[in-house]
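A closer look at the structure
In case you want the letters, here they are:
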Amino acid sequence: MSISAQFVSLLAMIGTGIIAGAFMDMLGTGIANTGKASIIRRRAIWLETIGWLLAGCFAFAVLFVFRDGAWRMYDPLAQLSGLLLYATVFHKPFRLLGRIIIALLIRPVLMVFRLIFWFIRYVLRVIRAIILLLSQPFRFIYRRFFRYHFKKKPK
């Protein structure tokens, strides 16, 4: 393996460390923003464990692409340096990018979904009110005639 190929694989491992740091930061932020009684908060340790396993699988997939899965002793150090590089340099820009994505993409989509659900709920309430209004004479007849005439009579 040439020096340039080893350097590229070293950069790939540093990149997987940066991506793992961003992924775990995103996961931790998502867990922290849920309600205290939510099932996500109660299962946080399992979610973070699964997150670390997914990050490890992703790192191995990158390692498999660059070096056919051959593991070198400097790979964990490269990933650790990638995690530290994320924590020192890329943490604030990633957070800013996340806020921009939430403000420009996620909130408008959620607003459209809420509007659609509100409209569907409003239509269903109108249909229910119409059905109740149309069934009013039948309910009156039922209350006056059937309820009293078909009761069991005391002996």
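Structure: above.
Here the structure is a predicted model, which is why all the values come from computation and not from measurement.

1. Looking at the side chain of Ser-9
With respect to the element layout, Ser-9 can be found in helix α1 (residues 3-32). Those residues within four positions of Ser-9 in sequence are excluded, and the remaining contacts are Phe-66, Arg-67 and Tyr-74.

2. Focus on the nonpolar core
Counting residues in hydrophobic clusters, the biggest one holds 9 residues: Ala-12, Met-13, Ile-14, Ile-18, Ala-22, Val-62, Leu-63, Ala-78 and Tyr-86. Looking at this core, the elements with two or more residues in it are α1, α3 (44-67) and α4 (74-134). No other element matches α1, which puts 5 residues into this core. Setting aside anything within four residues of it in sequence, one finds Leu-63 in contact with Met-13, Asp-68, Gly-69, Ala-70, Trp-71 and Asp-75.

3. Concerning the packing of aromatic side chains
Across all of its chains, the model carries 4 aromatic pairs by this definition. Ring geometry for Phe-60 against Phe-64: centres 6.2 Å apart, planes inclined by 40 degrees, an arrangement best described as tilted. With Phe-60 and Phe-64 both in helix α3 and 4 residues apart, the pair spans about one turn of that helix. Residue classification places Phe-64 among the partly exposed positions, given a relative accessible area of 48%. Both rings, one in Trp-118 and one in Tyr-122, keep their centres 5.6 Å apart while their planes meet at 15 degrees; by these two values the pair is stacked. In this pair, Trp-118 and Tyr-122 both sit in helix α4, 4 residues apart, roughly one turn of the helix. Here the aromatic cluster, defined as three or more aromatic residues joined through ring pairs, consists of Tyr-86, Phe-90 and Phe-94.

4. Side note on the environment of His-91
Residue placement: His-91 occurs in helix α4. By relative accessible area, which is 25% here, His-91 ends up partly exposed. Put simply, His-91 and Asp-25 are 66 residues apart on the chain and 8.5 Å apart in space, counted from C-alpha to C-alpha. Discounting residues that sit within four places of it in the chain, His-91 has contacts with Asp-25 and Tyr-86.

5. Section: the pattern of salt bridges
Any two side chains of opposite charge can pair, on the condition that their charged atoms come close. According to the stated counting rule, one finds 1 salt bridge in the structure shown. Put simply, Arg-95 and Asp-25 hold a salt bridge, and the shortest N to O gap is 2.8 Å. Within this pair, whereas Arg-95 is found in helix α4, its partner Asp-25 is found in helix α1, the two being separated by 70 residues in sequence.

6. Re the packing of α1 against α3
Pairs of packed helices are described in terms of their axes, by the angle between the two and the distance that separates them. In the contact formed by α1 and α3, the axes pass within 10 Å of each other and the chain directions differ by 160 degrees. Looking at the two axes, α1 sits roughly antiparallel to α3. As for the relative orientation of α1 and α3, their crossing is right-handed in sense. Judged by residue contacts, Val-8, Ser-9, Ala-12, Met-13, Thr-16, Ile-19, Ala-20, Phe-23, Met-24, Leu-27 and Ile-31 of α1 engage Ala-44, Leu-47, Glu-48, Gly-51, Trp-52, Ala-55, Phe-58, Ala-59, Val-62, Leu-63, Phe-66 and Arg-67 from α3. For the contact of α1 with α3, the residue count by class is 18 nonpolar, 3 polar and 2 charged.

Analysis parameters
Residues numbered from 1 in each chain as written. Predicted model: local features only at pLDDT ≥ 70, side-chain atom pairs only at ≥ 80, totals over all residues. Heavy atoms only, no water. Helix = DSSP H or I, 4+ residues; strand = E, 2+ residues; numbered from the N terminus. Contact = heavy atoms within 4.5 Å. Core = buried A, V, L, I, M, F, W, Y, C linked by side-chain atoms within 4.5 Å. Buried < 20%, exposed > 50% of the residue type's maximum accessible area, 1.4 Å probe, protein only. Phe/Tyr/Trp six-rings, centres within 6.5 Å; stacked < 30°, edge-to-face > 60°. Salt bridge = Lys/Arg side-chain N within 4 Å of Asp/Glu carboxyl O. Axes fitted to C-alpha atoms, helices over the stretch in contact; angles between N-to-C directions. Parallel < 35°, antiparallel > 145°, perpendicular 65-115°, else oblique. Left-handed = near helix turned anticlockwise from the far one by under 90°. Nonpolar A, V, L, I, M, F, W, Y, C, P; charged D, E, K, R; others polar.

Geometric values such as these leave the question of function open.
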